[in-house]
Amino acid sequence: MSIAADASKFENKIEELNGQIQAGNERITKKQDEFTQIIDELSKIRKKELERAQINHESDISAKLYETEDEIKRNSQKRDDCLKTIQAASKELEELRAKYSEDLLIKNQLDTRKKREIFINDAKNKIKVIESTVENVKNNLDSTL
């Protein structure tokens with residue numbers, strides 16, 4: 001009999017748990033209905049906000065359109081100013097390049113002159129050495145004759 005009593009206890013416990021589950025399901029359903037109502041109300045509020053936002057957005061777009069047009073005009077002026085600056089800088093760069101080329105040519109000419117002077121001085125020194133050697137040889141010949 002103890003098995004039958006235990007089975008009866010389990011059946012009672014199962015029925016009790018099923019009752020609790022049923023009550024929990026009913027509470028869940030009730031909460032789901034409440035949440036559905038809240039979501040519906042929020043959707044209505046959101047729809048109204050979107051309508052207001054749309055009106056505000058259209059006004060903002062119009063204002064931004066005017067701002068954008070003004071900005072385009074300012075940017076066009078800045079672009080024109082930049083182009084003028086670039087043209088002036090390009091002209092100055094060309095002038096600097098011409099000056100540099102001229103300076104480089106002068107430097108090369110000076111370098112060539114310096115090299116010539118060094119060559120001439122070396123040649124003069126060699127001539128002096130040769131003349132000195134010739135003089136020495138001549139003196140040696142004179143002294144031996």
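Relevant structure appears above.
None of the values given here were measured: they were computed from a predicted structure.

Calculation rules
Each residue is numbered by its place in its chain's sequence as written, counting from 1. Totals for whole chains, interfaces and linings use every residue, but because this is a predicted model, local features are given only for residues with pLDDT of at least 70 and side-chain atom pairs only at 80 or more, for both listing and counting. To obtain the side-chain values, all non-hydrogen atoms of the structure were used and water was disregarded. Each helix is a run of H or I in the DSSP string that is no shorter than four residues. Each strand is a run of E no shorter than two, and both are numbered from the N terminus. C-alpha atoms define the radius of gyration, and 2.2 Å times the number of residues to the power 0.38 defines the globule rule. A simple rule labels every residue: compare its accessible area, found with a 1.4 Å probe on the protein chains alone, to the largest value its type can have, and call it buried under 20%, exposed over 50%, or partly exposed in between. Each accessible area value is a Shrake-Rupley result obtained with a 1.4 Å probe; residue values ignore everything except the protein chains displayed when judging cover. For this document, the term salt bridge refers to a Lys or Arg side-chain nitrogen within 4 Å of an Asp or Glu carboxyl oxygen. Patch construction takes residues with relative accessible area above 30% that form no salt bridge. Like charges are linked within 9 Å, and nonpolar side chains (Val, Leu, Ile, Met, Phe, Trp, Tyr) are linked within 5 Å.

The subject of this paragraph is the overall build of the protein. Check the secondary structure of the protein and you find one helix and zero strands. Expected size for 145 residues packed as a compact globule is a radius of gyration near 15 Å; at 54 Å, the protein overshoots this value by more than 25%. Reported as C-alpha extents along the three principal axes, the dimensions of the protein are approximately 165 × 70 × 10 Å. The buried share of the protein, taken over its 145 residues, is 1%. Of the accessible surface of the protein, which amounts to about 13800 Å², a share of 58% is contributed by carbon and sulfur atoms.

As for its placement among the helices and strands, D6 is situated in helix α1 (residues 2-144). Taking relative accessible area as the criterion, D6 reaches 36% and is therefore assigned partly exposed. Linking D6 and E135, residues 129 residues apart in sequence, is a C-alpha distance of 148 Å.

Looking now at the pattern of salt bridges. On inspection of all chains with the given rule, the structure shows seven salt bridges. Ionic pairing is found between K13 and E16, a salt bridge with its closest N-O pair at 4.0 Å. One end of the pair is K13 and the other is E16, both in helix α1 and three residues apart, which spans about a single turn. Residue class for E16 comes out partly exposed when judged on its relative accessible area of 41%.

Here we take up a nonpolar patch on the surface. On the surface, a cluster of nonpolar side chains totalling about 500 Å² of accessible area is made up of F35, I38, I39, L42 and I45. Tracing the sequence through the fold places F35 in helix α1. Look at F35 and you get exposed, because its relative accessible area is 51%.

Another point: the environment of K64. Here K64 lies in helix α1. Separated by 36 residues in the primary sequence, K64 and Y100 place their C-alpha atoms 51 Å from one another.

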